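Working through the structure, step by step
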Amino acid sequence: MNNHISSLQQIQELQTQQKTRFYNLGMFPSQRFHAFLPYVREDDNIYFSALIAFGLMRLESFFSEEEKQLAQTIRQKVIQNYPLYESVNKAHLYNFYRTNPPGQYPNGYVFSKLGRFQLPTDADDTVMIHLTQESSPEIALQVKAHLEKHANRTKVQNTLKIYQNLGAYSVWFGSPKMPIEFDFCVLCNILYFVKHYELPWTTQDEDSLTYICSVLQQKQHISQPFRVSYIYPRAAIMLYHVTRLMQSFEIGRLEELKQGIRQDILCIYHHKSTTLPEKILLAISGMRLGFYLEIPGLDWQSKDAKNLAFFYAPMLAGTSSGILDALASYRLFQILYRSEAFYTFLEMEYHLLHNFFCN
């Protein structure tokens, strides 16, 4: 067993040890920023913290008993913050930002004051939180009922025409400001939740899986990433999500696509325009599927690695204007999100898998 205590200690050092101006005890700091403009804000969202807690839980089989205890300590400090992000109207559903007291777009001068940008409860944060706090079967069923209630029943506008009538799950739990929308990575996370809790497989699950499989078969994660995953519009990030699902659960329709996914990983990995952060995500994705990829001269302190945007907020998406929706895919009209603690977790995940292949 390799000693990974130092990596876990690095992650723990990035976790807030006491309440600060921007973050509560146990949170992992993150920032929202713009790719071109001098805009950076500390961003008190629950998603990065829950994502790290989830990742540590998934990797526990690699840890010694001492390392497991440290990982569990880190996770419990994250979990204690979850009530601050729970929906004020519906139990067991969660928001990206604080709800108690409200804290939309913290430290902002514009977005925090405009109702148009207030986020409703969402599926991604909700399922990630329930994956890390091990909810009861009854609560998991209640969450799934909410997911099914807000799945598509009409015609989704934010995706390709061939998918608009699918009864797949929506990113949002319902709001006049936020229409039903599809996102490849969010659907991967929801199906992970369904499989993890061994919940009944319904039409919504099947249609969500159809969306994921068709995107991969048609290579739309490469050719039209924003149209199929507008929050995570990078092929490497999409492959990171779907291989995480595949590593944990054997889903027949995805297993049939494994060879094509492997070819996609290798093709993007060796493309000259692929960035270092994307190579890291692709290497992890490849090793999850059983083939080894090494990144020579990996420099985690490089500017390229530190500026990895793991997800995006397209500020013009979801409007009734065709022109604005068309502009939403451009980086100029997007807010990006990053977290040093999550980069540190990715470094540990890469080395854990690397050591597994080499030993």
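Higher on the page you've got the structure.
Quick summary incoming for the structure in this document. Treat the numbers as computed from the prediction; the structure is a model and nothing was measured.

**Description of the overall build of the chain**
- For the chain, the helix and strand inventory stands at 16 helices and four strands.
- A burial count over the chain gives 58% of its 359 residues as buried.
- The long-range fraction of contacts in the chain, counting pairs at least 24 apart against all pairs at least 6 apart in sequence, stands at 68%.

**Here's the deal with the sheet that holds strand 1 (residues 31-33)**
- What the four strands build is an open sheet, ordered 2-1-4-3; its pairing is antiparallel. What marks the edges here is a single partner per strand, and that holds for strand 2 (40-42) and strand 3 (311-314). Here the strands of the sheet are splayed against their neighbours by 25° on average, with no regard to which way each runs.
- Bridge count for strand 3 against strand 4 (residues 334-338) is four bridges, and the pairing is antiparallel. Each bridged residue has a counterpart across the sheet, and for Phe-311 the counterpart in strand 4 is Tyr-337.

**Description of the packing of aromatic side chains**
- Taken as a whole and judged by the stated rule, the model has 21 aromatic pairs.
- Note on Phe-310 and Phe-342: the rings are 4.7 Å apart at their centroids and 55° apart in plane angle, and the pair reads as tilted. Here Phe-342 lies in helix 16 (residues 340-358) and Phe-310 lies in the loop between helix 14 (303-306) and strand 3, a separation of 32 residues in the sequence. Per residue, the accessibility class of Phe-310 equals that of Phe-342, and both read buried.
- Taken together, the aromatic side chains of Tyr-47, Phe-48, Phe-96, Tyr-97, Tyr-232, Tyr-240, Phe-310, Phe-311, Tyr-337, Phe-342 and Phe-345 make up a single cluster linked through ring pairs.
- Above the plane of the ring of Tyr-269 lies Lys-279, whose end atom (NZ or CZ) is 4.4 Å from the centre.

**Notes on the nonpolar core**
- One finds Phe-184, Phe-193, Leu-254 and Phe-310 to be the most contacted residues of the largest nonpolar core, which totals 121 residues.
- Ranked by residues supplied to this core, first place goes to helix 6 (residues 184-196) with ten residues.
- Apart from the residues within four sequence positions on either side, Phe-193 is in contact with Val-127, His-130, Leu-131, Ala-140, Val-143, Lys-144, Leu-147 and Leu-199.

**Considering the environment of Glu-250**
- By secondary structure assignment, the location of Glu-250 is in the loop between helix 10 (235-248) and helix 11 (252-255).
- Residue Glu-250 is classed as exposed on the basis of its relative accessible area, which comes to 70%.
- Taking the C-alpha atoms as reference points, Glu-250 and Lys-195, 55 residues apart in sequence, are found 9.7 Å from one another.

**A closer look at the state of the cysteines**
- Scanning the model with the defined rule gives zero disulfides in all.
- No disulfide involves Cys-188; its sulfur sits 5.9 Å from that of Cys-185, the nearest cysteine.
- Left without a disulfide partner, Cys-213 is nearest to the cysteine sulfur of Cys-188, which lies 9.3 Å away.
- The exposure class of Cys-213 is buried, given its relative accessible area of 3%.

**A word on the packing of helix 2 (residues 47-58) against helix 4 (residues 123-133)**
- Axis separation between helix 2 and helix 4 bottoms out at 9 Å; the angle between their running directions is 40°. On the basis of the axis angle, helix 2 is oblique to helix 4. Crossing angle aside, the handedness with which helix 2 passes helix 4 is left-handed. Each of Tyr-47, Ala-50, Leu-51, Ala-53, Phe-54 and Met-57 in helix 2 lies in contact with helix 4, whose residues at this interface are Asp-124, Asp-125, Met-128, Ile-129, Leu-131 and Thr-132.
- Tallied by class, the residues present in the contact of helix 2 with helix 4 amount to nine nonpolar, one polar and two charged.

**Quick word on a nonpolar patch on the surface**
- Among the surface-exposed residues, Phe-36, Leu-37 and Leu-332 lie close enough to one another that they form a single nonpolar patch of about 330 Å² accessible area.
- Tracing the sequence through the fold places Leu-332 in the loop between helix 15 (322-327) and strand 4.
- Look at Leu-332 and you get partly exposed, because its relative accessible area is 45%.

**Quick look at helix 2**
- Here helix 2 contains twelve residues, and its C-alpha end-to-end distance of 16 Å stays within 8% of the 16 Å for a straight helix at 1.5 Å per residue.
- For helix 2, the full list of buried residues reads Tyr-47, Phe-48, Ser-49, Ala-50, Leu-51, Ile-52, Ala-53, Phe-54, Gly-55, Leu-56, Met-57 and Arg-58.

**As for the pattern of salt bridges**
- With the rule as written, the count across this model stands at ten salt bridges.
- For Arg-234, the salt bridge is made with Glu-278, and the minimal N-O distance between the two is 2.6 Å. Here Glu-278 lies in helix 13 (residues 276-288) and Arg-234 lies in the loop between helix 9 (225-228) and helix 10, a separation of 44 residues in the sequence.
- The exposure class assigned to Glu-278 is buried, which follows from its relative accessible area of 10%.
- We note a salt bridge from Glu-349 to Arg-288, for which the minimum N-O separation is 2.8 Å. Of this pair, Glu-349 sits in helix 16 while Arg-288 sits in helix 13; the two residues are 61 residues apart in sequence, bridging distant segments of the chain.
- Arg-288 sits in the buried class, given a relative accessible area of 7%.

**As for the pairing of strand 4**
- Within strand 4, five of the five residues are buried, which leaves the element mostly enclosed by the surrounding structure.
- Neither face of strand 4 is left uncovered, since the one carrying Gln-334, Leu-336 and Arg-338 and the one carrying Ile-335 and Tyr-337 both have all their residues buried.
- As paired strands, strand 1 and strand 4 are joined by three bridges and run antiparallel to one another. Bridge assignment links Gln-31 to a residue of strand 4, and that residue is Arg-338.

Definitions and limits used
- Within any chain, residue numbers begin from 1 and follow the written order of that chain's sequence.
- Where local features are concerned, this predicted model is filtered to residues with pLDDT of at least 70; where side-chain atom pairs are given and counted, the filter is 80 or more; whole-chain, interface and lining totals use all residues.
- Derived side-chain values reflect all non-hydrogen atoms in the structure, with water molecules and hydrogen atoms excluded from consideration.
- In this text, helices come from DSSP runs of H or I with a minimum length of four residues, and strands from runs of E with a minimum of two, each type numbered from the N-terminal end.
- Here's how the labels work: a residue is buried when its accessible area is under 20% of the maximum for its type, exposed when over 50%, partly exposed in between, all with a 1.4 Å probe on protein chains only.
- Contacts between residues were defined by any pair of non-hydrogen atoms, one from each residue, lying within 4.5 Å.
- Two strands make a pair as long as DSSP finds a minimum of two bridges between them.
- An axis is simply a line fitted to the C-alpha atoms; with a helix, the fit covers only the stretch in contact. Between two such axes, the angle follows the N-to-C directions and lies from 0 to 180 degrees.
- The pairing test for Phe, Tyr and Trp rings, Trp by its six-membered ring, is centres within 6.5 Å, and the orientation test on the planes gives stacked under 30 degrees, edge-to-face over 60, and tilted for anything in between.
- Only lysine NZ and arginine CZ atoms are considered, and such an atom sits over a ring when it is within 6 Å of the ring centre and within 35 degrees of the ring normal.
- By nonpolar core we mean a set of buried residues, namely Ala, Val, Leu, Ile, Met, Phe, Trp, Tyr and Cys, connected to one another through side-chain atoms within 4.5 Å.
- Two cysteine sulfur atoms form a disulfide, by the criterion used here, when they sit within 2.5 Å.
- Orientation is classified from the angle alone, with under 35 degrees giving roughly parallel, over 145 giving roughly antiparallel, 65 to 115 giving roughly perpendicular, and any other angle giving oblique.
- Note on convention: near helix rotated counterclockwise from far helix by under a right angle means a left-handed crossing. Clockwise means right-handed.
- Under the scheme applied here, ten amino acids are nonpolar (Ala, Val, Leu, Ile, Met, Phe, Trp, Tyr, Cys and Pro), four are charged (Asp, Glu, Lys and Arg), and all others, including Gly, are polar.
- Patch criteria: residues need more than 30% relative accessible area and no salt bridge. Like-charged residues are merged within 9 Å; nonpolar side chains of Val, Leu, Ile, Met, Phe, Trp and Tyr are merged within 5 Å.
- Where accessible areas are quoted, they stem from the Shrake-Rupley method and a 1.4 Å probe; at the residue level, only the protein chains shown are allowed to cover.
- Salt bridges are identified by distance alone: a Lys or Arg side-chain nitrogen within 4 Å of an Asp or Glu carboxyl oxygen.
- How far a helix is expected to stretch is found by multiplying one less than its residue total by 1.5 Å.

Geometric descriptors of this kind do not, in isolation, establish any biological role.
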